[in-house]
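# Coordinates in review
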Amino acid sequence: MNAQLKYVVDELKALYPKKDYNIIEFDGFEPDQLVQILSNVICTIESKEAVNTRSENREMTIKRLLNSLYIMKYRPPSGNEYDLAQSLFLGEKSAILPLLEWLLKERPTLEKRAYLGRYLIKIEVPPALRGDSNLEELFENYEQLLETFKDAHREREQHLSAGSNTGELRGDLAVMEREREIVVAKVATLQKTRVEGSKANAALLARVKALRESRAKRDMLLEQKARLQTTCVEMERFVARTKQQVAEARRAAHGVTPQGLLQRAEEEEKVSTYIANEKIPADMKSGQTQLQLLREVASQTCLTRSDLAQVEQQVRALSSEVNALLERRMAAADPADDKLTPFKQQAAMLGRKKEAAAEALGELKKESAALKSKLEKIQGQLMPGEELPLTEEQFKKYMGQLKPRTELFKAKRSQLSSQTAECGVLSRTLEILRSNHELAQRQLGDEERRLGLSGYSSTASQLAEVNATKTELDLQKESKLEALSKTILELNQIIASKKAKLAPAIQELRPLREQYQASLADFNKLKQVYDATAANLGSASNKIEQARTNSAG
């Protein structure tokens, strides 16, 4: 157990150099502190920001830790994850210490698992949503990207494990060298044919040189312009800061007299003297004492439970001896000293108040310095033309403008609350009326069954519903018939207007149609004559061609 504790503390020191852990302090940690350390280690492995478990719900913390351990494939010694969750919830050291040892020993492997788990664990989509085509397409694309990531990671691991193939690299270098020689030869050929063989060689070289110089000068001027713009922006910010400081100084100096300035300077001088002569030496002395104690603790061997119990017994014995000595001193005290005791107590009280005020002043100075540096950083990040943060006067003016809006908001909120209360009353009234209606319906049904008219009220209500439905359908039918008749009337009007527009064209078309019929008859007759003549000519030409062939033979 001690070796395990020592290993965990040493690894935590290496992992978090700013936190000065030691075995005694770690062994006395509370369950909440152990859970916080476990959460910090897991967040470090997962390359995430640390989570404050005190502000987080404990159940959410345990769920997050168990999810991370599941991704890292942690198997609890007992084999029961429910026991592990219960132990983590209670912050038991017997469960957290072996878990920390395993996390710190396997940290490189676990970092790789956490990195892969962040991308390879699929998102669960409910079956009710899988019917959406867009969602299905998006999920298929997501699965394809997962497979692509797996292939890329596998290829990267193969390259890292096997290393680069030197033969391929040499072949690539040889090909690149041949390509370089070809390019050099082409450049030399072009230089001979197009540059050296040209008559205007000197003029071209002079122009190229002038072009190169002009481009270099342009680049230099652009760089100089950028530097000047940056300088102008910085100077504008400096001027704005200076104006703000001057305005703050004027506001601070408003109504200040020389006596007030002198009194303030004297007070600051007294505070500085107290801090330099009393507080700083006392802090140095207490720091040296604490450092000496820590060195003594570090030089000693690891204390066990029995050693701690022995030390506590010695402390109790020394405390009892000190109390006995104080009682003897008080019994043997001089009456004159008793008269001075209240003054000594008052002086001690004033000294403690003085120390507390000095510490509060130091904290306020640190906070003021931090706020000033933060303000300067924000002002430095402002782009040209952006407004500076609100000053005190501007903020007061803004608050004055905000006050009527706040009053209006309060009035509206009170009105809303009253309406909400009224809505609650009306809802309750509605529920009461509904319950009374149901009770009346049950009583009516009992009375109908007693008189032998069971179902009369329901039949009457159904008839009323049917009549209402019939009335609604009649109204819809009437409105549709009106719309249909209106549409038919519009169509008749459109047809009549179209006929009126087409009547002149139809009158002109009739004689043309008659001419077309006569021309078509003439065309058919002439076509028959043409076909007969073409047939005769074709037969005659065939006979002539045959006779020519026979005579040639």
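Please refer to the structure higher up on the page.
Residues numbered from 1 in each chain as written. Predicted model: local features only at pLDDT ≥ 70, side-chain atom pairs only at ≥ 80, totals over all residues. Heavy atoms only, no water.

### Focus on the overall build of the chain
Under the convention used in this document: Runs of E in the DSSP output that reach at least two residues are strands. Runs of H or I that reach at least four are helices, and both are numbered from the N terminus. Burial classes: relative accessible area under 20% of the type maximum marks a residue as buried, over 50% as exposed, and values in between as partly exposed (1.4 Å probe, protein chains only). Note on contacts: a residue pair qualifies if any of its non-hydrogen atoms lie within 4.5 Å across the two residues. Note that accessible areas follow from Shrake-Rupley with a 1.4 Å probe, and for residues the cover is restricted to the protein chains shown.
Along its length, the chain carries 15 helices and zero strands. The buried share of the chain, taken over its 553 residues, is 11%. In the chain, the share of contacts with a sequence separation of at least 24, taken over all contacts with a separation of at least 6, comes to 61%. When the accessible surface of the chain is split by element, carbon and sulfur atoms take 58% of a total near 45,200 Å².

### So, the packing of aromatic side chains
We count it as follows: Stacked, edge-to-face and tilted labels apply to pairs of Phe, Tyr and Trp rings (six-membered ring for Trp) whose centres lie within 6.5 Å, assigned for plane angles under 30 degrees, over 60, and everything in between, in that order. A ring has a charge above it when a Lys NZ or an Arg CZ is no more than 6 Å from the ring centre and no more than 35 degrees off the ring normal.
Following the criterion strictly, the structure yields one aromatic pair and no others. An angle of 50° between the planes, with centres 4.8 Å apart, marks the rings of tyrosine 74 and tryptophan 102 as tilted. Residue tyrosine 74 is located in the loop between α4 (58-71) and α5 (81-90), and its partner tryptophan 102 is located in helix α6 (residues 93-105); the two are separated by 28 residues in the primary sequence. Owing to a relative accessible area of 22%, tryptophan 102 belongs among the partly exposed residues under this scheme. The positively charged end of lysine 105 is found above the aromatic ring belonging to tyrosine 7, 5.4 Å away from the centroid.

### Considering the nonpolar core
Our working rule: Throughout, nonpolar core names a set of buried Ala, Val, Leu, Ile, Met, Phe, Trp, Tyr and Cys residues whose side chains join them through atoms within 4.5 Å.
Leu12, Phe26, Leu38, Val41 and Leu103 are the most contacted members of the largest nonpolar core, which has 32 residues in total. Elements that contribute at least two residues to this core include exactly α1 (2-15), α3 (31-45), α4, α5, α6 and α7 (107-120). With seven residues, α3 is the largest single contributor of residues to this core.

### Topic: the environment of leucine 120
Its place among the elements puts leucine 120 in helix α7. Taking the relative accessible area as the measure of exposure, leucine 120 reaches 29% and is therefore partly exposed. Measuring from C-alpha to C-alpha, the distance between leucine 120 and phenylalanine 149 comes to 8.4 Å, with 29 residues separating the pair along the chain. Sequence-distant contacts of leucine 120, defined by excluding residues within four places in its chain, comprise Leu146, Phe149 and Lys150.

### Let's talk about the packing of α6 against α7
Operational definition: Axes here mean lines fitted to C-alpha atoms, for a helix over just the part in contact, with angles spanning 0 to 180 degrees between N-to-C directions. Put simply, angles under 35 degrees are roughly parallel, angles over 145 are roughly antiparallel, angles from 65 to 115 are roughly perpendicular, and the rest are oblique. Charged residues are taken to be Asp, Glu, Lys and Arg, nonpolar residues to be Ala, Val, Leu, Ile, Met, Phe, Trp, Tyr, Cys and Pro, and polar residues to be all remaining types, Gly included.
In contact at an axis separation of 5 Å, α6 and α7 are set at 85° when each is read in the N-to-C sense. Compared by their axis directions, α6 and α7 come out roughly perpendicular. Every residue of α7 that contacts α6 at Trp102, Leu103, Leu104 and Lys105 is listed here: Arg107, Pro108, Leu110 and Arg113. Looking at the contact of α6 with α7 residue by residue, the class counts come to five nonpolar, no polar and three charged.

### Points about α7
Inclusion rule: The length a helix should cover is 1.5 Å for every residue beyond the first.
With 14 residues, α7 extends 19 Å between its outermost C-alpha atoms, agreeing within 8% with the 20 Å of an ideal straight helix rising 1.5 Å per residue. Of all the residues in α7, the buried ones are Leu110, Ala114, Leu116 and Gly117.

### A few points about the side chain of asparagine 40
Checked against the element boundaries, asparagine 40 lands in helix α3. Classification of asparagine 40 as buried rests on a relative accessible area of 14%. Ignoring anything within four residues of it in the chain, the contact list for asparagine 40 reads Tyr16, Ala50 and Val51.

### Quick notes on the packing of α3 against α4
What counts, and what does not: Should the near helix be turned anticlockwise from the far one by less than a right angle, the crossing is left-handed, and should it be turned clockwise, the crossing is right-handed.
Two elements in contact, α3 and α4, have axes whose closest approach is 11 Å; the angle formed by their N-to-C orientations is 40°. Taken together, the axes of α3 and α4 lie oblique to each other. Note on packing geometry: the crossing formed by α3 with α4 is left-handed. For the pair formed by α3 and α4, the contact residues are Asp32, Val35, Leu38, Ser39, Ile42 and Cys43 on the first element and Arg58, Thr61, Arg64, Leu65, Ser68 and Leu69 on the second. Tallied by class, residues from the contact of α3 with α4 come to six nonpolar, three polar and three charged.

### Section: a negative patch on the surface
Stated formally: Any residue with relative accessible area above 30% and no salt bridge may belong to a patch, with like charges joined within 9 Å and the nonpolar Val, Leu, Ile, Met, Phe, Trp and Tyr side chains within 5 Å. By definition, a salt bridge exists where a carboxyl oxygen of Asp or Glu is found within 4 Å of a side-chain nitrogen of Lys or Arg. None of His or the chain ends enter the tally, which takes Lys and Arg as positive and Asp and Glu as negative. Where a charge lies is defined by one atom per residue type, namely NZ (Lys), CZ (Arg), CG (Asp) and CD (Glu).
On the surface, a cluster of negative charge is made up of Glu278, Glu355, Glu359, Glu363 and Glu367. A total of four residues in the negative patch trace back to one element, the largest contributor, which is helix α13 (residues 335-381). Looking at the secondary structure, you find glutamate 367 in helix α13.

### Describing α6
For α6, which comprises 13 residues, the first-to-last C-alpha distance of 18 Å matches the rise-based estimate of 18 Å (1.5 Å per residue) to within 8%. Buried residues of α6: Ala95, Ile96, Leu97, Leu99, Leu100, Glu101, Leu103 and Leu104, and no others. Here the buried face of α6 lies against α1, α2 (23-27), α3, α4, α5 and α7.

### Description of the side chain of glutamate 101
Relative to the helices and strands, glutamate 101 is located in helix α6. A residue is classified by how much of its surface remains accessible, and glutamate 101, at 16% relative accessible area, is buried.

### Observations concerning a nonpolar patch on the surface
A cluster of nonpolar side chains, namely Met235, Phe238 and Val239, defines an oily patch on the protein surface of about 280 Å² accessible area. Within the secondary structure, valine 239 sits in helix α10 (residues 201-253).

By themselves, these figures tell us nothing about what the structure is for.
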